[in-house]
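Spelled out from the first residue to the last, the chains are:
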Amino acid sequence: MKENLKKQIASVIINKALELGASQAGICSMADLIEAPSYKLALLLPALEMNDDEAEENQPNPEFGVKLSPEAKSVLVISYAHPESEPQLDWWLDDINPPGNVALIDINRKLAAWISETLAIETKPLPYYVEKGGVFLKDAAVLAGLGSIGKNNLLVTPEHGPRVRLRAMVLHETIPSTGPLDYQPCKNCSAPCMDVCPEMAFVETIYRPENDGVDTLAETAGNYDRNRCNTCMLANIKAAATEYLESDPAKPVKVIKYCRGCEITCPVGEV
Ligand code: B12
């Protein structure tokens, strides 16, 4: 396929993603992605304590990337805005996928089917967990130009700040990357995201370029402690209460509201 045609295909795909309800979409190369920081660092980090249902999925696994087929040439990543005004998008209801994630899965599935049928490019929607064959979504989003990693260790996008959730699929065709952006959202920020953390997950240096061999973490300062963060999330699970939601006032549901302090305090993209 000619380079110009491939660029046109990228923009046709992105437009379709937006039409289906994605807030952003972009494409990166699989070869670039597996060289990204998360693939190097995930295995060096201490394991996470998890609630029993998630324990297996969340542990470091030396098979990262192995399950990705050699046919997978590009990664298409989409975001779905999760504004502070719609907190329920991020809530787990009776241990069921949050509505925002359900929307992402639906858009991704429809987009994959459309690409296969209309453009004759083979697609494979990816699962959420890396250990189940997914990819590190923030790294993919950075390489695809959706935003940059901020001091809060989250993808910070120009339009929605970090208040987005992500999903991806692989394409069995090399489509030119749409990123990364030259974008430094945290440059002059006093980082309220770090101060607000109830577990002080940003107080210690965790990644050191000289030990870990990764020197691209400038913006994040390498000080996000996932175990501290996870302690907070385990407490959020324990604190889940039964509520009657507006969507179905007759039905009681147990609602898990995970902490979003480092997201919500970010001034980028606030409305
Ligand atoms: C496991 C997991 C967790 C664990 C461990 C988190 C961790 N970061 O290690 C726990 C349960 C603690 C957790 C917490 C949260 N999570 Co979480 N989590 C994941 C998951 C499944 C994998 C992440 C992972 O293991 N990364 C590997 C470790 C090594 O890397 P890392 O800490 O993420 O940091 C890397 C990047 O910053 C990258 N990086 C840094 N600089 C640069 C520069 C360049 C150029 C590149 C390419 C990369 C790069 O390298 C870093 C180090 O390796 C992803 C989904 C997915 N499939 O990717 C969601 C995901 C990252 N989580 C998400 C969210 C929203 C959260 C929470 C806010 C909770 C919530 N309400 O959902 C908190 C916030 C944590 C924070 N401030 O980072 C979103 C992030 C959206 C965004 N805007 O970035 C994701 C993408 C899921 C989604 N639904 O979209 N999470």
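Keep in mind that what you see is a predicted model, and the values were worked out from it rather than measured.

A. Quick look at the overall build of the protein. Tallying secondary structure elements over the protein gives ten helices and nine strands in all. Here the protein holds 271 residues, and 32% of them are scored as buried. Sequence-distant contacts in the protein: of pairs separated by 6 or more residues, those separated by 24 or more amount to 74%.

B. Spatial organisation of the site of the ligand. Around the ligand sit 40 residues, and of these Pro 37, Leu 41, Leu 154, Leu 155 and Tyr 258 come closest. Breaking the shell around the ligand down by element, the ones donating at least two residues are helix H3 (37-41), helix H6 (137-143), strand E7 (164-171), helix H9 (226-238) and helix H10 (261-264). The dominant element in the shell around the ligand, judged by the number of residues it contributes, is H6, at five residues.

C. Just helix H5 (residues 99-119), in detail. Compared with the 30 Å implied by 1.5 Å per residue over 21 residues, the 29 Å span of H5 between its first and last C-alpha is a close match. Listing the buried residues of H5 in full gives Leu 104, Ile 107, Asn 108, Leu 111, Ala 112 and Ile 115. Buried residues of H5, viewed axially, fall in a sector of 135°; they line one side. Exposed side of H5, more than 90 degrees from the buried face: Ala 113 and Glu 117 are the residues found there. Considering only its buried residues, H5 is in contact with helix H1 (3-19), strand E2 (74-81), strand E4 (123-125) and E7. Backbone geometry just downstream of H5 places Ala 120 in the positive-phi region, at approximately 55°.

D. Local environment of the packing of H1 against H5. Look at H1 against H5: their axes get within 10 Å of each other, and the N-to-C directions meet at 140°. Classified by the angle between their axes, H1 and H5 sit oblique to one another. The interaxial crossing formed by H1 with H5 has right-handed handedness. Only Leu 111, Trp 114, Ile 115 and Leu 119 of H5 make contact with H1, whose side of the interface consists of Ile 9, Ile 13, Lys 16 and Ala 17. The residue inventory of the contact of H1 with H5, partitioned by class, reads seven nonpolar, no polar and one charged.

E. Structural view of the pairing of strand E9 (residues 252-256). Note that strand E3 (residues 92-93) and E9 share two bridges and pair antiparallel. Within E9, the position partnered with Leu 93 by the bridge is Val 255. Where strand E8 (residues 241-244) meets E9, four bridges bridge the pair, whose relative direction is antiparallel. When the bridges of E9 are listed, Tyr 244 appears paired with Pro 252.

Reading the values: the criteria
- Along each chain, numbering runs from 1 in the same order as the chain's sequence is written.
- It should be noted that, the model being predicted, local features are given only for residues of pLDDT at least 70 and side-chain atom pairs only at 80 or more, the latter also being counted only at that level, while totals for whole chains, interfaces and linings use all residues.
- Secondary structure is summarised from DSSP: a helix means a run of H or I of at least four residues, a strand means a run of E of at least two, and numbering begins at the N terminus for each.
- Residues with at least 20 neighbouring C-beta atoms inside 10 Å of their own are called buried, those with 12 or fewer are called exposed, and the rest are partly exposed, where every C-beta is derived from the backbone.
- Whether two residues are in contact is decided by their C-beta atoms, placed from the backbone, lying within 7 Å.
- Should the C-beta atom of a residue, placed from the backbone, lie within 6 Å of a molecule or strand, that residue is near it.
- Here the expected span of a helix is defined as 1.5 Å times the quantity of residues minus one.
- In this context, the arc is that of the directions from the helix axis out to the C-beta atoms.
- Convention adopted: a line fitted to C-alpha atoms gives each axis, helices being fitted over their contacting stretch, and angles between N-to-C directions are expressed from 0 to 180 degrees.
- Angles are sorted into four bins: roughly parallel if under 35 degrees, roughly antiparallel if over 145, roughly perpendicular if 65 to 115, and oblique for all others.
- Rotating anticlockwise by less than a right angle from the far helix to the near helix defines a left-handed crossing, while the corresponding clockwise rotation defines a right-handed one.
- Each residue gets one of three labels, nonpolar for Ala, Val, Leu, Ile, Met, Phe, Trp, Tyr, Cys and Pro, charged for Asp, Glu, Lys and Arg, and polar for the others, Gly among them.
- For two strands to be treated as a pair, DSSP must find no fewer than two bridges joining them.

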